[in-house]
Every structure is written in C-alpha cells, then in structure tokens.
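Remarks on the overall topology
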Amino acid sequence: MKHPVQHPVPTLSALSSALALLSGPAVVMGGPDDGPPSFTATVLPQLDPTHDPDILTYTTPSAINASGLIVGNLSTDLGFRWSSDAGGQLLQPIFPGATDAVWAAGINDAGSICGAYLPAGSFTALPFLLNPDRSVTHLPTLVTDLPCGASDLNESGLIVGSCETAPGGMFGGPSTAVYWLDGSVVEIGGLGGSADTAIAVNSRGVVAGFGNSSGSGPLQPFRWSQETGVEALPQFVAGVPSTPSDINDAGTIVGRGGKSLFENRPVYWDADGAIHELPTVEENPIDVDVLGINNHGVMVGHEIPQSTWEIEARLWWDGQAYRLQDLVVDLEPGVSLLRAVDINDEGQIAVEASRVVDGAVQFFTILLTPEPDEKANLITFVETFENGSNEGNWSFGMPNIEVIPREGGNPGPWLHIPCGAGPGNCLEFWYPMPSTTPMGDENLFTGNYLKRGVTSVGIDLVTHFYSSPGNDGPGHDEFHWNVAVILISDSGNPTDNSDNWGAYYVGEMHAPKVGEGWKSFDFEIPSGASDLPPGWVWNTGQPNAPADPSWSELMENVSMLMYSYLDPTLPATVQPWDVGLDNPRITYSDTKACGTGDLDCDGVVDVFDLLILLENWGTCSSPRDCPADLNGDEQVDVFDLLILLEKWG
C-alpha cells in the first residue's frame with residue numbers, strides 16, 4: 001500500500017501538526033501460521049546534492065509500490081525516487097522552472113508520484129502529480145495562493161490530501177480534506193473542525209483521514225467514500241487523539257490510538273469501523289505506531305520500548321508483533337532499523353535506518369525483501385480414487401483381482417487386493433510392492449523430478465490378511481518390516497528391462513500389521529541433490545544398468561515409483577496377502593507460479609508470452625530450466641502452444 005507523508009509540507013500547519021503525531025511502531029495481521037519470513041537488506045545509496053563531505057544527508061522513505069520503487073525525502077527538502085534498475089533520482093530537476101523544495105508523499109503501482117512542491121521564492125506549497133513519463137501535472141488548490149499537499153493516490157488516478165481554506169498566522173490557516181480527479185479539486189470536508197486531512201486511499205476509492213470537530217478538539221479518525229460520505233471512526237480512548245496512517249483494499253485502516261496525551265498504542269479499524277488494539281513487542285512501550293498495511297493484512301511501523309527509549313522498526317504478522325531487526329539475515333553491523341514506513345503486496349518493506357559514520361549518526365533508507373519461502377509454491381497432488389480415478393495407474397501387480405471399493409479407505413475409495421474365500425484369490429507375492437505402471441507411461445507420479453522440483457512422495461497402506469510359514473507375518477509382534485520407497489529409471493527404453501536401475505530408501509516406520517488399520521508413509525525426495533542423498537541405496541542389479549549411476553540422471557527420468565513392505569533386496573517367500581492402498585501423493589514446486597502460459601509473469605497470457613514460446617521452439621537446451629515447456633516433455637512444440645492458447649487472456 002501507499003503511505004502518507006512522513007515529512008509534511010511545512011506551510012500546512014494542520015497537516016504538519018497532525019503528522020507530527022505519526023511516527024510509531026508497526027504490527028502484522030494475517031499471514032501463514034509458521035511465522036514471518038526472513039528478509040534481505042538493500043541499502044539505498046545516499047543522495048547528496050550538496051557534494052559536501054562534511055554534511056550528512058538525512059534520507060527517509062515515504063512509500064513503496066508493488067514493483068519495489070520507493071519515494072521519500074532528503075533533509076534538504078528534496079524528494080527522491082529509487083528503483084533497483086535506475087537507482088536514486090532527485091525529483092527537483094524534473095520540475096519545470098526553479099523550485100525551492102519538493103516533497104514526495106505517495107506512489108502508485110504505475111509509478112505515478114504525488115506530493116507538494118515550493119515554487120522558487122514562494123512560501124506557498126502546491127500539490128503535484130509526477131507521471132511515469134516524468135511529466136508534471138500541477139494540481140489546483142481550493143483557494144488561490146493558499147497551500148495544499150497531496151498525500152496518496154490510487155491506480156485510478158484518485159489523489160487525496162489537504163488544502164488550507166483561509167489565511168492563517170505563523171502556523172497557517174484551517175485545512176480541509178480534498179481529492180483530485182482528472183485535474184479538478186473537490187472538497188471532502190471532514191469532522192467539522194479546522195484540521196481535516198485525507199491521508200491514504202485504497203483501490204476502491206475509500207479514503208482514510210483524520211481531523212477534529214472543533215478548532216482545539218483532539219484529532220479523530222474518519223473514512224470517506226463517494227457512496228457513504230464522511231464517517232467518524234472511534235478513538236482508542238475517548239477524548240485522546242487517534243490517527244490513521246494507511247488503508248488496504250479490504251478497508252482495514254491502521255494507525256495509532258492515544259491511550260493518554262503521552263502514550264500511544266498500535267491499532268487498526270476493521271471494515272465495519274470497529275477499533276482493535278494490536279500487540280507490542282515490549283509491554284507498555286512509550287510510543288507505537290502502525291504506518292503501513294498491505295492487502296495480505298501484514299502491517300509495519302515502529303515502537304519505542306521503555307527499556308531502551310530508542311525507536312525500533314516493527315512488523316505485525318498473523319496477529320503477533322516482531323522486532324524487524326531480528327528478521328534480517330544480512331544486516332550490516334551497526335545498522336539500526338528505526339521505522340518501517342510502508343509494505344507492498346510482495347512483502348517488501350521501506351525502512352528508515354541509521355548508523356554512525358565518522359562519529360556522526362547518519363539516516364538512510366533500506367529496502368527489505370522477504371527471502372523466498374520454499375514451501376510457498378509447493379503443490380501436493382493426492383490420488384483419492386474418487387469416481388474410479390487412478391492417476392499413476394497404481395497397482396499391486398495383480399490387475400485381474402484389484403478393485404476400488406467406494407468405502408473403507410482412508411477415507412472413501414481405495415485400491416484393494418481382496419482375498420475373498422481363500423488364499424487363491426489373494427495377492428500371491430513375496431511382499432506387497434504397490435507401484436505406478438506401466439513403464440514409459442509418464443504421469444503425475446513419474447517423469448522429470450528435477451525439473452518439477454519434487455520434494456516428497458507418500459502413500460497410505462493397510463493389511464487385512466497375511467499368512468506365512470512360522471507365523472511371523474504382520475499380525476505378530478515380531479513383524480518389523482519397514483516400508484521402503486523405490487525410484488526406477490528405464491534408461492529411456494521402457495520395453496527393455498535389462499537396463500533398468502534406480503535407488504531406494506528404507507523408512508523408519510513398520511509396515512501395517514493385521515488389525516492395525518491404515519498407516520501413512522511419507523518420504524523426502526531431495527530431487528535437487530548433486531549426489532546420492534544420505535540413507536539412499538543404489539539399486540543397479542540389472543545387467544545393462546549404468547556402472548556409475550547419477551542421482552541427477554535418475555531424477556530427470558523417474559519411470560516408476562514403487563513402495564515395498566521391506567528392504568527390496570531381502571529374500572522372502574511367496575505368501576498370500578489381503579492389502580490395500582490409498583492417497584498416493586507427490587509434492588512438487590509450482591513451477592508455473594505466475595500461471596500456466598504466463599511466461600513473462602505479467603498477469604496475462606498474451607502475444608508477449610507467445611513470442612517467448614516461439615523463441616524457445618524445439619528441444620529444450622536446458623531441460624532443468626525451460627519455462628516454455630508447458631507440458632514437461634523437454635520439447636517446446638505444438639502441444640505447448642495449445643496449452644498457451646487455452647490459457648489465453
């Protein structure tokens with residue numbers, strides 16, 4: 001989300017005094033249950049227009065957009081924008097004619113920037129819109145020669161802020177909340193006092209603001225939309241100032257709630273307008289403020305603990321408050337994260353930081369980027385055998401007696417080898433070895449594990465009957481056979497079994513005993529390992545199997561996935577079994593995280609994706625990295641083209 005002005009236009013007294021209250025902690029709601037991510041830090045280089053080595057530039061961010069583009073301001077009242085590709089740029093040279101100061105307040109995902117500038121020789125700040133093509137749109141004021149400032153804007157071009165309505169003294173005159181649209185300024189109003197301002201706007205045109213009901217009354221939050229008009233929101237403590245900072249598309253507003261005139265708490269207002277207190281890292285901190293929220297409900301801000309009296313950046317995630325400094329993996333020694341001012345939907349955070357340089361404290365901006373969550377894009381496919389399905393062609397090797405009952409599985413349908421009236425109708429084998437069949441018939445459970453980023457496989461097994469000489473079967477305590485997983489490669493020749501080879505891993509769980517019911521077995525598959533992983537054993541007993549097997553080669557051509565009731569190299573006698581399997585599963589990376597066919601990850605499948613596919617036409621030069629190979633057959637051809645066209649739009 002965009003973020004309000006942190007260093008407001010000096011001539012706007014109401015905006016300035018109100019925003020002076022806005023400098024506090026942050027909290028995170030929502031998010032995964034396994035805690036917040038770790039972050040890497042990118043230090044934005046200081047912009048020093050003075051070229052004076054004795055002057056340390058104070059740089060602080062104001063907002064960040066979805067692309068990670070940050071805007072902010074220098075202590076010299078010069079706005080800047082920064083991107084990873086273009087670096088840092090001062091905004092002042094972009095303005096036609098001389099200007100004494102430019103303040104950047106908000107930025108939308110298209111890259112448009114809003115704020116205020118001070119014409120050369122003037123004391124009246126004027127609002128502006130800086131377009132992505134670097135052209136400047138000068139926004140009108142409510143009253144000629146009285147200042148205005150823009151605070152935020154959305155993707156529809158709706159800009160919000162504040163304008164003075166009458167001349168004032170040294171600290172300016174009364175102000176009212178406004179919005180600009182299509183070059184016109186419209187008064188929103190507020191709560192009827194003299195210090196109303198619109199501070200943030202979401203994509204639906206809902207505005208968060210604050211003001212007072214009388215000239216000297218405490219600041220109180222409000223929200224506005226064209227449909228509802230101005231709605232007053234509750235204060236944290238009646239009669240004590242409460243001020244919002246940001247709003248997301250769900251209508252959640254974040255900010256600070258005054259507990260007393262000298263103590264603030266982190267709060268949010270839900271879509272119904274009710275106010276809620278957020279947790280803090282330290283009990284009873286001096287000051288806390290939530291400054292930004294994204295569309296996932298993750299919040300950022302700052303806190304001043306009583307134990308240190310030093311401002312610290314905060315993150316609120318899944319209803320808990322975190323010290324943001326503890327979540328950064330590569331922070332340079334001596335760097336302190338002070339205020340997290342904004343967060344985008346990618347989880348990137350714009351942070352004001354400090355460090356000591358040559359004995360003096362220097363303030364600068366850091367971009368925090370969450371480290372990739374290895375689990376975030378994992379997909380688990382489970383074959384439930386519903387409606388007679390059998391992806392993988394799972395079998396115990398006795399297709400003439402295998403059935404899929406509708407009940408009795410784990411739960412529901414399952415693949416069963418029933419004994420019926422006697423041993424003659426049972427699975428007659430050494431031990432059960434359920435597998436995908438036949439060789440060469442690639443399915444979701446076989447193929448290129450390396451390319452798909454397979455991480456694990458699993459299966460549920462049950463034993464209803466077993467008979468063996470010596471009565472040492474799975475119905476007895478002495479039965480200690482452990483289930484194993486087996487991966488087999490046919491060397492690209494599915495009809496020739498003499499060159500088959502693979503590897504197996506014996507798990508730690510015993511096979512299910514008679515009467516024990518269903519048991520679940522899961523095995524990690526380190527498909528990206530460079531060598532045979534620990535615990536795995538080569539199975540290269542066939543005469544034409546490779547003499548020097550490679551784990552990577554096996555991962556690139558898994559022709560069959562099997563399970564075994566015991567170590568597959570151990571001898572056993574033929575005996576009857578009544579067994580079953582359910583929920584064979586495989587977990588792999590979502591290599592099409594941008595959406596199938598969306599090869600440039602711009603959210604739409606169009607001609608640009610088609611061009612990428614055509615550029616990669618033919619055999620994949622790198623089978624491990626061939627995004628245009630949409631069906632995973634290591635060829636970019638008409639079948640991939642048909643998939644792309646099916647996803648068009």
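All of the points below concern the structure found in this document.

Rules used in this analysis
- Residues numbered from 1 in each chain as written.
- Predicted model: local features only at pLDDT ≥ 70, side-chain atom pairs only at ≥ 80, totals over all residues.
- Heavy atoms only, no water.
- Core = buried A, V, L, I, M, F, W, Y, C linked by side-chain atoms within 4.5 Å.
- Buried < 20%, exposed > 50% of the residue type's maximum accessible area, 1.4 Å probe, protein only.
- Pairing = 2+ DSSP bridges.
- Helix = DSSP H or I, 4+ residues; strand = E, 2+ residues; numbered from the N terminus.
- Axes fitted to C-alpha atoms, helices over the stretch in contact; angles between N-to-C directions.
- Salt bridge = Lys/Arg side-chain N within 4 Å of Asp/Glu carboxyl O.
- Arc of directions from axis to C-beta.
- 1 Å grid on protein atoms, 1.4 Å probe; cavity = no way out; pocket = protein on both sides within 12 Å on 5 of 7 lines; lining within 4 Å.
- Points joined across faces, edges and corners; volume = space filled by probe spheres on them.
- Nonpolar A, V, L, I, M, F, W, Y, C, P; charged D, E, K, R; others polar.
- Parallel < 35°, antiparallel > 145°, perpendicular 65-115°, else oblique.
- Contact = heavy atoms within 4.5 Å.

With respect to the nonpolar core
By size, the foremost hydrophobic cluster in this structure holds 46 residues, and its most contacted members are Trp-394, Tyr-449, Val-457, Leu-487, Met-555 and Leu-561. Ranked by size, the runner-up nonpolar core spans 19 residues in total, among them Val-300, Leu-315, Phe-364 and Leu-368.

Quick word on the sheet that holds strand β1 (residues 39-43)
Strand pairing within a sheet occurs via backbone hydrogen bonds; the two strands may be parallel or antiparallel. The sheet built from 4 strands is open, its strands ordered β1-β28-β27-β26 with antiparallel pairing. A single partner strand is all that each edge strand has here, and the edge strands are β1 and β26 (336-343). Strand-to-strand twist across the sheet, computed as the mean angle between neighbouring axes with direction ignored, equals 35 degrees. For β1 and strand β28 (residues 360-370), the ladder comprises 5 bridges, and the chain directions are antiparallel. What sits directly across from Thr-42, in β28, is Leu-367.

Let's talk about the pattern of salt bridges
The tally for this structure, following the rule as stated, stands at 14 salt bridges. Ionic pairing is found between Arg-256 and Asp-287, a salt bridge with its closest N-O pair at 2.3 Å. Taken together, the residues Arg-256 in strand β19 (residues 253-260) and Asp-287 in strand β22 (residues 287-293) connect sequence positions 31 residues apart. You'll find Arg-256 and Asp-287 in the same group, each marked buried. A salt bridge links Asp-460 to Arg-585, with the nearest nitrogen and oxygen atoms 3.1 Å apart. Here Asp-460, found in strand β34 (residues 456-466), pairs with Arg-585, found in strand β40 (residues 575-589); they are 125 residues apart in sequence, far enough to count as distant. The residues Asp-460 and Arg-585 share a single accessibility class, namely buried. Through salt bridges with shared partners, a single ionic network connects Glu-303, Glu-312, Arg-314, Arg-323 and Asp-326.

Topic: helix α5 (residues 638-646)
Regarding α5, the residues found buried are Asp-640, Leu-641 and Leu-644. Taken down its axis, α5 places every buried residue within 105 degrees of arc, on the same side. Residues Phe-639, Leu-642 and Glu-646 are exposed on α5 and point more than 90 degrees away from its buried face.

Observations regarding empty space enclosed by the protein
Space left empty within the atom packing is revealed by a probe, the size of a water molecule, rolled over the atoms. Considering all chains together, one arrives at 1 cavity of 30 Å³ or more under this definition. Taken as a whole, the largest cavity encloses approximately 30 Å³ of empty space. The residue makeup of the lining of the largest cavity, split by class, is 6 nonpolar, 3 polar and no charged.

Re the packing of helix α4 (residues 607-615) against α5
Running from N to C, α4 and α5 point in directions that differ by 170 degrees, and their axes come no closer than 11 Å. One way to sum up the angle between α4 and α5 is to call them roughly antiparallel. Here Asp-609, Leu-610 and Leu-613 of α4 come into contact with α5, specifically with Asp-640, Leu-641 and Leu-644. Of the residues contributing to the contact of α4 with α5, the split by class is 4 nonpolar, no polar and 2 charged.

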